[in-house]
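A look at the structure
Here is how the chains run, residue by residue.
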Amino acid sequence: MGSSSSSYAPKTIYLDVDGKVQKVVFSRHCSPCDIKELLCSSSNIPRNTAIMMVDPEGALVSIDPTMPTNSPNSLYKVISLSTGQLGEKEDMFQNVLSQVAEQFSRAFRINELKTEVTNRLAMLEKRVELEGLKVVEIEKCKNDLKKLRDEMTSRGGGRVGNCPCKYNFSDDGKKLNPRRDVPSYPKYTLSQETIEALKKPTFDVWHWEHNEMLSCLEYMYHDLGLVKEFNMNPITLKRWLLGIQENYRSNPFHNFRHCFCVSQMMYGMINLCNLPEKMTLTDMGILMTAAVCHDLDHPGYNNTYQINARTELAVRYNDISPLENHHCAVAFQILSLPECNIFANVELEAYKQIRQAIITLILATDMARHGEILDSFKHKVDSFDFTNEEHVTCLKMVLIKCCDISNEVRPTEVAEPWVDCLLEEYFMQSDREKTEGLPVAPFMDRDKVTKPTAQIGFIKFVLIPMFETVLKLFPQIEEIMVQPLRDSRDHYEELKQIDDAMTEAQKKKTENMSLGGKKK
């Protein structure tokens, strides 16, 4: 019992505090920190101060429960370590560290290595930018496989109707995925002949594969000075264009080739009308980007179907231009990806204005607003003012509308296949509408429409009036854009006369056969 109770007995030490004896009692089970706080308090020293304790001979005494006891005749003294002393130690430690760091730097040539690594990175970035990591053979194999698969599908009767489109790619669905890899489409070197042809509405869009169209679009952005104006990273531009292509579906008409067609016509009009001399480079960027994005993720069924079928898009956008609103949303989803954001280096306020302008232009492509937009432009065109923001915005809306429905401006051999593609898409919709018991527009019904009847009214009452209004502002488009429309109208009217004559002849033949049967 005795030895057990003695282990719990408190311990007593005596301190010299300002010449007076101070008795300190503490448990043998106190921690050193608790004892230090007790000693600071007893010696009138602030808590958490670094201290040491010495005996009458100046020897250090450890501050812990095992410290030896003393008597009032042999007092311990508590001494605080001043900040000055600590500061000197810290300075000395910093000096030692600096010397060590300097020795390491000399030994391993850190600065030289840093410079060398920076230079090598710059060289690699330049190579990636110039060459685009030309995986031509891999990309070519992919394209060959796609063509073979499409050809087999076509021969197997997998397609609806008959579309003479040169290229048809299977629908892989939406692919709005981040692309952190280096863009892999090969960088084509455009000939001078191709560069000149790109600027004209006569450009044949059927002769180009997807990778070549991507390279042409990339060239347009560089040629117009948009890469420099918006401080675009060339690699980001490549990734953005790939993201755009992957988010166009493989519809008969509303596909990536249509996107390229509209963008090329916009590029052509910018050059033909000398727009960079009259408008800003920001305006050029808005026009081109809106053209590239204007039909993103088009499902192949128009707004009328969306609204009548009460689709998710129609519900989401309250029956107000559901497709055009969707195209805008997908466009800015792609731009929201850091690796695809071609406007990443644009100041926030400028970006907000660019975003709003692109949305305005894409929404203007809804044909339900055609009359409203054209009437507004007609009121402005006779006194048009390029310094008036409202006038310029209205012009940009009309320009994207012209480009969106400009196929008939092109030569007949380029334009006519587009009519077949559009009718195929129309017939797919009308067949589905009949199956679902929805209203069917006569111009989309395969039992009622012909190619001439589909085109004559559209050219006469939509295309020619709009282009002739633009002609007032830009007389240079008459020969190369407006006259081809008039020729196209005449062409389809001739075809209609032939169709009518053949129908009438067939009708008379049927009547004669019927009369002959009755005489017998």
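First, a word on scope: everything that follows refers to the structure included in this document. The structure presented is a predicted model; accordingly, all values stated were derived computationally and were not measured.

**Observations concerning the sheet that holds strand β5 (residues 77–80)**
The strand order β4-β3-β5 describes an open sheet built from 3 strands, whose pairing is antiparallel. One side of each edge strand has no neighbouring strand; the edge strands of this open sheet are β4 (60–61) and β5. Relative to β4, strand β3 (residues 51–54) runs antiparallel, the two being bridged by 2 bridges. Bridge pairing links M53 to V61 in β4.

**Notes on the nonpolar core**
Considering soluble globular proteins, one finds that nonpolar side chains tend to be buried as a cluster. Ranked by size, the top nonpolar core spans 105 residues in total, and within it Y221, W240 and F467 carry the most contacts. Residues within four places of Y221 in sequence aside, it is in contact with L226, V227, M232, L237, W240, M288, T289, V292 and I342. Counting 16 residues, the second largest nonpolar core, distinct from the first, contains V17, L39, C40 and I51.

**Side note on helix α2 (residues 32–42)**
Buried residues of α2: I35, L39, C40 and S42, and no others. When α2 is viewed along its axis, its buried side chains cluster within an angular range of 165° and face the same direction. Facing away from the buried side of α2, by more than 90 degrees, are the exposed residues C33 and S41. In this structure, the buried side of α2 is in contact with β1 (11–17), β2 (20–26), β3 and β5. Where α2 ends, the next residue or the one after it, N44, has phi of about 60°, a positive value.

**Overview of the pattern of salt bridges**
Side chains carrying opposite charge are able to pair once their charged atoms draw close together. In this structure the tally under the stated criterion is 18 salt bridges. A salt bridge links K451 to D420, with the nearest nitrogen and oxygen atoms 3.0 Å apart. Of this pair, K451 sits in helix α20 (residues 451–473) while D420 sits in helix α19 (residues 412–436), and the two are 31 residues apart along the sequence. The salt bridge partner of R432 is E436, with a shortest N-O separation of 3.0 Å. Taken together, the residues span about one helical turn, with R432 and E436 both in helix α19 at a distance of 4 residues. When its relative accessible area of 39% is taken as the criterion, E436 is described as partly exposed. Through salt bridges with shared partners, one network takes in E416, D420 and K451.

**Regarding the packing of helix α18 (residues 389–404) against α20**
In the contact formed by α18 and α20, the axes pass within 11 Å of each other and the chain directions differ by 130°. Comparing their axes, α20 and α18 come out oblique. The way α18 lies across α20 gives a crossing that is left-handed. From α18, L395, V398, K401 and C402 reach across to α20, where they touch M466, F467, V470 and L473. Here the contact of α18 with α20 is composed, by residue class, of 7 nonpolar, no polar and 1 charged.

Each value, and the rule that gives it
- Residues numbered from 1 in each chain as written.
- Predicted model: local features only at pLDDT ≥ 70, side-chain atom pairs only at ≥ 80, totals over all residues.
- Heavy atoms only, no water.
- Pairing = 2+ DSSP bridges.
- Helix = DSSP H or I, 4+ residues; strand = E, 2+ residues; numbered from the N terminus.
- Core = buried A, V, L, I, M, F, W, Y, C linked by side-chain atoms within 4.5 Å.
- Buried < 20%, exposed > 50% of the residue type's maximum accessible area, 1.4 Å probe, protein only.
- Contact = heavy atoms within 4.5 Å.
- Arc of directions from axis to C-beta.
- Salt bridge = Lys/Arg side-chain N within 4 Å of Asp/Glu carboxyl O.
- Axes fitted to C-alpha atoms, helices over the stretch in contact; angles between N-to-C directions.
- Parallel < 35°, antiparallel > 145°, perpendicular 65-115°, else oblique.
- Left-handed = near helix turned anticlockwise from the far one by under 90°.
- Nonpolar A, V, L, I, M, F, W, Y, C, P; charged D, E, K, R; others polar.

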